[in-house]
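Geometric and topological summary
The residues making up each chain are set out below.
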Amino acid sequence: MAQSWLLFAAALAFAVGFILGSNSFGAEISGAAVKGGTLASGAAKGDTIRLIVPASSPADKAKLVGKGCAIVRDLAIGGQNSSVVAICPKTVAGSIPNATEDRKLSFTVSKAFPKGSLPQGAKPQSLEANNFVGVSKFWDAGITGAGSIVAILDTGIDYNHPSLKDSIIASASFVDYTTDPMDDVGHGTHVAGIIASKGNPKIARCYRFECGELYCYYAEVPCSEDHDFSFGMPANESIGIAPDAKIMMAKVCHPWGCFESDIISGFEWAAKGVNITKQVDCSAKCGANKKCCAAAAGCALQNMSVLAGSSVACSYANKVPNPGSLKAGQALCPAKDGNRTQGSSVRCLLKDENGNILLDKNGCRYGQVYCPPDAASCTYEFSYASVVAQKCTGMTEQTTTVKPDVISVSLGGSPTYLFNSCDSSYPLVKEMQSVVQRKNIPVVVAAGNNGYGVSIPACSRWAVAVGATGDYYFDEGGFGFDYNHIAYYSGRGYAMYDHGVLAPGSFILSTVPKSDCWLCNPSGFEYLSGTSMATPMVAGFMALLKQKDPKLAGASLSSKLFASVTPAYIKGGYLFPETGFRRYEYGKGQITAQTIG
């Protein structure tokens, strides 16, 4: 009976904790830096609105300044520098042609339980979610995401995290309060770890049963304090679905949410690609006996010829010497076989100290040495008229432009769309359409945590909308938790039917910063729930598909994803119990490697 009560309390905590952990942002900000104009005299922060305004010419911008607006920065939409972000008095906003509000999107995540708590009946680990979608089928074949790149638009990333730092190839900030892409929320680092974490070390975690005003729960406490029980988290429970994929992170969010314009800038950065410069050893780049480095900046040529007049001692032996151990001026001769006759020719390959074949003064590749069969040794005089070999030395820089194979966006905003896809008039939706069409990069977006409707921009048909699985259930078999059930919070609507898939999203263990931020944990790892967690599962899955078939890109990669799902009936729907509407809940199905040939 006591255990049943605890399970009920845990289920209640899941629901209440989601409500408490969900985000609703209504704060106004004025922007830390303005590029032109000042706010109208007496315009308080609450009397302003942040807008995206088509304005490309100095005259257009001057008109905005004349209305009392402050221009924050220029904004490229669809690759065109034709708009600005401006903060204007609300009283003049209606008189600005074609202006739209710079909406605030939120993180589609719920802590679900008080920070660090252990859900009863669940297996809170990324590895469990990975196993559920069958990624071992990829891993056993050596497909771990190597060569694939995923761009993430989020709260930034802890680029010092030991489980992530080797996976990050680029990061940038597009918010107005910092140029540092360091994650000060925890959300972006958690998302990145679901894709590419190298795993966690073994961690001891301690829990104490506590009760609040609404419910009771197990809360994580330092193991130095009194606790009811503890357990050692095994190593590599938080390993990413594509641990060898590379990450590009665009910090587009404040701690309280994300401006639409900042997300657009993150899209543009990712779609353009970034230049990656690395130091390359010249000999590794060009080889030891080639002239290919002659035009390579930073590489030097070193002669490998032997000085004229050198003598070569050719000794018979029972075993041919290792060419790599020969000294300069030696000749490599065959072993004595006892069958030579006097005056026979022994062909000795002349090599330098690096094992490179040299030419004699007549341009012959071999030196002819005449020795009697019983001779202990003989000598052959040779000289060189010119350099016969060269090698590269030193270091040089090699710069390449890399672009993502998929973009992951675990963010969503209102309004939500239930019976149709969303309007392309939203600047963010226009930008996403441009990225998909212009750059041929698929975009994976969280469907939202409202339990009904699909949020912006996942509601757009240009996105791959992602709902979450993982929920408690009660049936004839009892009370439990599994990923065969759609999470009660998962967004539902026409967009899921049209372009949506499901993936595990509840109680996912992944990387977070160790600092004191909202979703951080001193261990560097935390359990979180939401369509925010399901979205990188899908993005990482697409990275695996890309490595398996490098020809896949853009629409063909999305099509391969849609073909890689289990379309069977999935339990746990609450909004549309009628069979005909179930696709509004589970979309095209749950991702699984089991359908991959």
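Data block above holds the structure.
Within every chain, residues take consecutive numbers counted from 1 along the sequence as written. In keeping with the predicted nature of the model, local features appear solely for residues at pLDDT of at least 70, side-chain atom pairs appear and are counted solely at 80 or more, and the whole-chain, interface and lining totals rest on all residues. Calculation of side-chain values draws on the structure's entire complement of heavy atoms; hydrogens and water are dropped beforehand.

**Observations regarding the state of the cysteines**
Cysteine pairs can be covalently joined through their sulfur atoms, and such a bond is termed a disulfide. Just so we agree on the cut-off: Here, the term disulfide refers to a pair of cysteine sulfur atoms separated by no more than 2.5 Å. Think of it in three bands: residues with accessible area under 20% of the maximum for their type are buried, residues over 50% are exposed, and the middle band is partly exposed, with areas taken using a 1.4 Å probe on protein chains only.
By the definition in use, this model includes six disulfides. Here C253 is linked by a disulfide to C258, with a sulfur-sulfur distance of 2.0 Å. Looking down the S-S bond of the C253 and C258 bridge, the torsion is 95°, so its handedness is right-handed. Both residues of the pair, C253 and C258, belong to the buried class.

**Some details on the packing of helix α11 (residues 531–548) against helix α12 (residues 555–563)**
What describes two packed helices is the angle between their axes and the distance between those same axes. Under the convention used in this document: Whenever a helix is involved, its axis is fitted only over the stretch in contact; in every case the axis is a line through C-alpha atoms, and angles between N-to-C directions fall within 0 to 180 degrees. The helix count covers DSSP runs of H or I at least four residues long, the strand count covers runs of E at least two residues long, and both are numbered beginning at the N terminus. Note on terminology: angles under 35 degrees are roughly parallel, angles over 145 are roughly antiparallel, angles of 65 to 115 are roughly perpendicular, and the others are oblique. Contacts are assigned to residue pairs that have any heavy atoms within 4.5 Å of one another. Residues are grouped as follows: nonpolar covers Ala, Val, Leu, Ile, Met, Phe, Trp, Tyr, Cys and Pro; charged covers Asp, Glu, Lys and Arg; every other residue, Gly included, is treated as polar.
With their axes 10 Å apart at the nearest point, α11 and α12 run at an angle of 110° to one another. It follows that α11 is roughly perpendicular to α12 by the angle criterion. Listed contacts from α12 to V538, F541, M542, L545 and K546 of α11 are L557, S558, K560 and L561. Of the residues assigned to the contact of α11 with α12, the class counts are six nonpolar, one polar and two charged.

**A look at helix α6 (residues 187–196)**
A large share of α6 lies buried, amounting to ten of its ten residues. Those residues of α6 that fall on the buried side of the exposure criterion are H187, G188, T189, H190, V191, A192, G193, I194, I195 and A196.

**Thoughts on the pairing of strand β2 (residues 70–77)**
Defined as follows: If DSSP finds at least two bridges between two strands, the strands pair.
The element β2 is extensively covered by neighbouring structure, given that seven of its eight residues are classed as buried. The pairing of β2 with strand β3 (residues 80–89) spans seven bridges and is classified as antiparallel. Bridging across to β3, A70 finds its partner in I87. Linking β2 to β3, which pair antiparallel, is a turn of two residues; within it G78 sits at a positive phi near 65°.

**Quick look at the pairing of strand β22 (residues 406–409)**
Here β22 shows no split at all, with V406 and S408 on one side and I407 and V409 on the other all buried. In this structure, strand β6 (residues 149–154) lies alongside β22, joined through four bridges in parallel fashion. Along β22, the bridge assignment pairs V150 with V406. Two strands pair when backbone bridges link them, and β22 and strand β24 (residues 443–446) are joined in this way by three bridges, in the parallel orientation. If you follow I407 over to β24, its bridge partner there is V443.

**Digging into the nonpolar core**
We apply this condition: What makes a nonpolar core is a set of buried Ala, Val, Leu, Ile, Met, Phe, Trp, Tyr and Cys residues whose side-chain atoms join them at distances within 4.5 Å.
Judged by nonpolar contacts, the single largest core of 109 residues is most densely connected at F267 and I407. Per element, the largest residue contribution to this core is ten residues, and it comes from α11. Not counting residues up to four positions away in its chain, the partners in contact with I407 are A151, L153, F267, A270, V435, I441, P442, V443 and V444.

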